[in-house]
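Below, each chain spelled out in residue letters.
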Amino acid sequence: MRHTFAEAFSGLRRNASMTLAVVVTMWVSLSLFGAGLLAARQVDLLKDRWYDKIEISAFLCVKDVKGDNCDTGQDATDAEKAAILTAIQQNPETQDVFYESKQQAFDQFKQVFAGSSIEDSLTVDQMQDSYRIKLKNPANYQGLVSEISTMKGVQFVQDLHVYLDPIFTWLNALRWGTIGMSVLLLLAASLQIGNTIRMAAFARRRELGIMRLVGASNIYIMLPFLLESLFAAVLGAALASGTLAAGLYFVIVQNAQVSLKGLRWIGWSDAGLAMAGVTGVAIVLSIVPTLIATRRYLRV
Amino acid sequence: MIRFEDVSKVYEGQQRAALKNVTLEVEKGEFVFLVGTSGSGKSTFLRLILREYRATRGHVYVAGKDISKLPAWKIPGLRRQIGTVFQDFRLLPGKTVHENVAFALQVIGKPSSVIKKVVPETLELVGLAGKGDRLPEELSGGEQQRVAIARAFVNRPRILIADEPTGNLDPATSVGIMKLLDRINRADTTVVMATHDSAIVDQMRKRVIELDAGQIVRDQVKGVYGAR
């Protein structure tokens with residue numbers, strides 16, 4: 001075993017500049033990969049939170065508003081309201097529905113704009129009553145929206161998905177972009193490991209030939225190369241884990257969590273999982289190219 | 001110790017057989033010269049014993065085992081029973097004489113206590129006592145070949161294969177190397193040596209197997225180089 005470690009160490013020393021290049025490439029690509037994983041987790045957390053809060057609001061006709069389903073100057077009738085409520089309740093996607101009266105809407109308006117100059121600009125009668133609908137699965141909103149938006153007495157249906165979906169589309173693009181870029185970099189890093197090991201094996205081909213001749217086992221011949229590439233990969237993974245930890249601490253713990261308290265943020269357990277993932281990827285990406293690169297020197 | 005049963009070897013992409021229907025047996029403790037022109041199949045014969053190649057047809061037995069069927073992971077075990085010496089010595093230039101010989105034991109996992117004991121013994125056997133700290137470049141050709149023989153013999157193999165071991169040496173040095181190989185053979189090690197050196201073959205009067213175009217054309221007890 002001492003001989004194996006000595007060989008691995010001398011290999012690392014001989015290829016110091018290449019090893020450094022591999023470590024740096026691994027570090028950057030694994031940090032990006034880890035950041036992509038954490039970003040994905042953060043997007044999921046935000047999505048769960050926001051989608052969970054989303055409700056569809058069906059604003060009813062009042063005399064001050066115009067709409068395709070409204071009679072001008074008329075509030076929605078009780079019969080219309082009952083028909084709308086029945087339609088909502090009978091829709092299989094509806095989890096919960098409640099009626100917000102004009103007075104309740106007015107109270108909420110006063111609460112939101114308390115102290116503001118527009119607080120006194122509206123009266124109860126100018127407020128719109130509405131049905132607030134909570135869905136079983138917030139992602140399946142289209143059926144209900146299209147069903148009730150054409151019903152008599154409904155002025156318009158407000159659906160927050162219209163605003164949130166583009167945000168999540170961009171966030172998703174961002175996370176997949178990050179992961180995609182890191183995958184490319186990781187591929188480059190693994191090719192670099194393969195080349196480094198191939199060069200190291202070529203430099204030691206005479207020794208390898210003698211080892212094969214005197215009956216050294218394949219694992220014994222390969223072990224110093226595996227240790228070399230594992231060393232570079234694990235060092236890269238450790239640096240990437242440090243970078244992720246620093247990123248989490250300075251960006252999330254110190255800033256985001258402080259300034260945006262109402263949102264759920266990724267924590268140390270998520271970072272731990274990302275670090276484990278990053279280390280696992282680093283190990284696989286170092287072993288596989290090493291096995292391929294040394295294959296021809298092990299052929300018996 | 002070594003048995004070829006109707007062995008043929010055709011290399012990939014070649015029409016002509018490097019070895020054709022070779023059948024022979026080498027007994028334990030025998031000393032055999034393999035002679036023939038370049039391309040006659042001598043090296044192929046030796047490489048089949050080492051299982052560097054697999055026979056295209058027939059069976060090769062080494063120490064009673066059919067090595068044609070040997071799985072790849074068992075080949076290192078086979079090679080630990082066979083010592084090999086080449087014309088170009090194949091020493092590691094950065095390692096001392098002691099380290100070169102010890103290397104063969106280190107890489108098969110022998111404990112350092114064994115290495116410390118066996119390596120100096122073997123160096124003494126090959127006539128290199130006191131030269132363990134030298135680098136190969138500081139030695140003469142004959143001495144370098146002695147190091148190679150020490151490395152091949154340090155694990156006390158049952159078979160020693162020598163491919164033109166005197167090819168790079170002057171006649172006087174060659175005699176010294178042959179004496180060493182003879183000594184190893186007397187210690188019950190089977191020796192198979194491919195050579196072009198007629199003087200040595202004629203002088204040693206051991207079994208001579210002559211190959212021509214991959215076929216055995218002569219198998220002679222106490223033979224000479226050129227006679228039929």
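Model, not experiment: these values are computed from the prediction. Once a new chain begins, its residue numbering starts again from 1 and follows that chain's sequence as written. All chains are assigned letters beginning with A, and all ligands numbers beginning with 1, in the order in which they are written. Owing to the predicted nature of the model, reporting of local features is limited to residues with pLDDT of at least 70; listing and counting of side-chain atom pairs is limited to 80 or more, with chain, interface and lining totals taken over all residues. As a rule here, side-chain values come from all non-hydrogen atoms in the structure, and water together with hydrogens is ignored.

### Some remarks on the sheet that holds strand 3 (residues 130-135) of chain A
Residues and elements named next belong to chain A. With antiparallel pairing, the 4 strands of this open sheet are ordered in space as 2-3-1-4. Whereas interior strands pair on both sides, the edge strands pair on one side only; in this sheet they are strand 2 (94-100) and strand 4 (154-158). Along the sheet, successive strands turn relative to each other by an average axial angle of 20°, direction set aside. A pair of strands is labelled paired if DSSP reports no fewer than 2 bridges between them. Note on conventions: DSSP H or I runs of at least 4 residues are helices, E runs of at least 2 residues are strands, and numbering of each starts at the N terminus. With 4 bridges joining them, strand 1 (residues 56-60) and strand 4 adopt antiparallel strand pairing. Note on strand 4: the bridge partner recorded for Leu60 is Val154. Residues are treated as being in contact if the distance between any of their heavy atoms lies within 4.5 Å. The axes used here are C-alpha line fits, helices contributing only the stretch in contact, and every angle between their N-to-C directions lies in the interval 0 to 180 degrees. The sheet contacts of helix 3 (residues 78-90) involve strand 1, strand 2, strand 3 and strand 4, and relative to strand 3 the element is tilted by about 5°.

### Let's talk about the interface of chain A and chain B
With 14 residues of chain A in contact, the opposing surface of chain B contributes 23 residues. Reported buried area values correspond to the accessible surface (1.4 Å probe) lost by two parts on association, with both partners' losses combined. Both sides of the chain A and chain B interface together cover about 1,600 Å² of buried area, and 64% of this is carbon and sulfur. Put simply, a salt bridge is a Lys or Arg side-chain nitrogen that is within 4 Å of an Asp or Glu carboxyl oxygen. Here chain A is connected to chain B by 0 salt bridges. Throughout this description, a polar contact denotes any pair of N or O atoms lying within 3.5 Å of each other; where both atoms belong to protein, one of them has to be capable of donating a hydrogen while the other can accept it, and for residues adjacent in sequence the pair is counted only when both atoms sit in side chains. Counting the contacts that link chain A with chain B gives 4 residue pairs in polar contact (both at pLDDT 80 or more). If you tally residues by element for the side of chain A that touches chain B, the top one is helix 7 (residues 205-214) of chain A, at 7 residues. We call Asp, Glu, Lys and Arg charged. Ala, Val, Leu, Ile, Met, Phe, Trp, Tyr, Cys and Pro are nonpolar, and the rest, Gly among them, are polar. Here the side of chain A that touches chain B is built from residues that sort into 7 nonpolar, 3 polar and 4 charged.

### Some remarks on a nonpolar patch on the surface
Residues and elements named next belong to chain A. Only residues above 30% relative accessible area that lack a salt bridge enter a patch, with like-charged residues linked at up to 9 Å and the nonpolar side chains Val, Leu, Ile, Met, Phe, Trp and Tyr linked at up to 5 Å. Methods summary: accessible areas were calculated by the Shrake-Rupley approach with a probe of 1.4 Å, and residue burial reflects only the protein chains presented. Taken together, the side chains of Leu20, Val24, Trp27, Val28, Phe231, Leu235 and Leu239 present a nonpolar region at the surface, about 590 Å² in accessible area. Elements supplying a minimum of two residues to the nonpolar patch: helix 2 (16-53) and helix 8 (218-259). Tracing the backbone shows Leu20 in helix 2. Each residue is placed in one exposure class: buried if its accessible area under a 1.4 Å probe, protein chains only, is under 20% of its type's maximum, exposed if it is over 50%, and partly exposed if it falls in between. Given the relative accessible area of 57%, Leu20 is considered exposed.

### Here's the deal with the pairing of strand 3 (residues 31-35) of chain B
Residue and element names in this part refer to chain B. Among the 5 residues that make up strand 3, 5 are buried, leaving the element largely enclosed by the rest of the structure. Residues Phe31, Phe33 and Val35 line one face of strand 3 and the alternating positions Val32 and Leu34 line the opposite face, and both faces are buried. In terms of strand pairing, strand 3 meets strand 8 (residues 190-194) through 4 bridges, oriented parallel. Note that in strand 8 the partner of Phe33 across the bridge is Met193. Pairing between strand 3 and strand 9 (residues 207-212): 4 bridges, direction parallel. When the sheet's bridge partners are listed, Val32 is paired in strand 9 with Arg207.

### Describing the confidence of the model for chain A
Predictor confidence is given residue by residue as pLDDT, running from a minimum of 0 to a maximum of 100. Per-residue confidence for chain A gives a mean pLDDT of 86, with 98% of residues at or over 70. Confidence, expressed as mean pLDDT per element, reaches its minimum in chain A at helix 1 (residues 2-14) of chain A with 76 and its maximum at helix 3 of chain A with 92.

### Quick word on the nonpolar core
Throughout, nonpolar core names a set of buried Ala, Val, Leu, Ile, Met, Phe, Trp, Tyr and Cys residues whose side chains join them through atoms within 4.5 Å. Membership of the largest hydrophobic core comes to 84 residues, with the highest contact counts inside it found for Leu30(A), Met211(A), Phe33(B), Val107(B), Val119(B), Ile149(B) and Leu181(B). Examining the composition of this core, we find that 13 residues originate from one element, helix 8 of chain A, more than from any other. Apart from residues no more than four positions distant in its own chain, Val119(B) is found in contact with His98(B), Val101(B), Ala102(B), Leu105(B) and Val154(B). In this structure, Met1(B), Val62(B), Phe86(B) and Ile161(B) belong to the second largest nonpolar core, which totals 31 residues.

### Some thoughts on the packing of aromatic side chains
Pairing of aromatic rings covers Phe, Tyr and the six-membered ring of Trp, with a centre-to-centre limit of 6.5 Å; geometry is then stacked below 30 degrees between planes, edge-to-face above 60, and tilted otherwise. Within this structure, the stated rule accounts for 6 aromatic pairs over all chains. Aromatic pair Phe59(A) and Phe156(A): ring centres 5.4 Å apart, planes at 10°, arrangement stacked. Within this pair, whereas Phe59(A) is found in strand 1, its partner Phe156(A) is found in strand 4, the two being separated by 97 residues in sequence. For Arg3(B), the ring lying beneath its charged end belongs to Tyr61(B), and the centroid distance is 4.4 Å. In this analysis the charged atom, NZ for Lys or CZ for Arg, is taken to sit over a ring once it is within 6 Å of the ring centre and within 35 degrees of the ring normal. For Arg90(B), the ring lying beneath its charged end belongs to Phe86(B), and the centroid distance is 3.7 Å.

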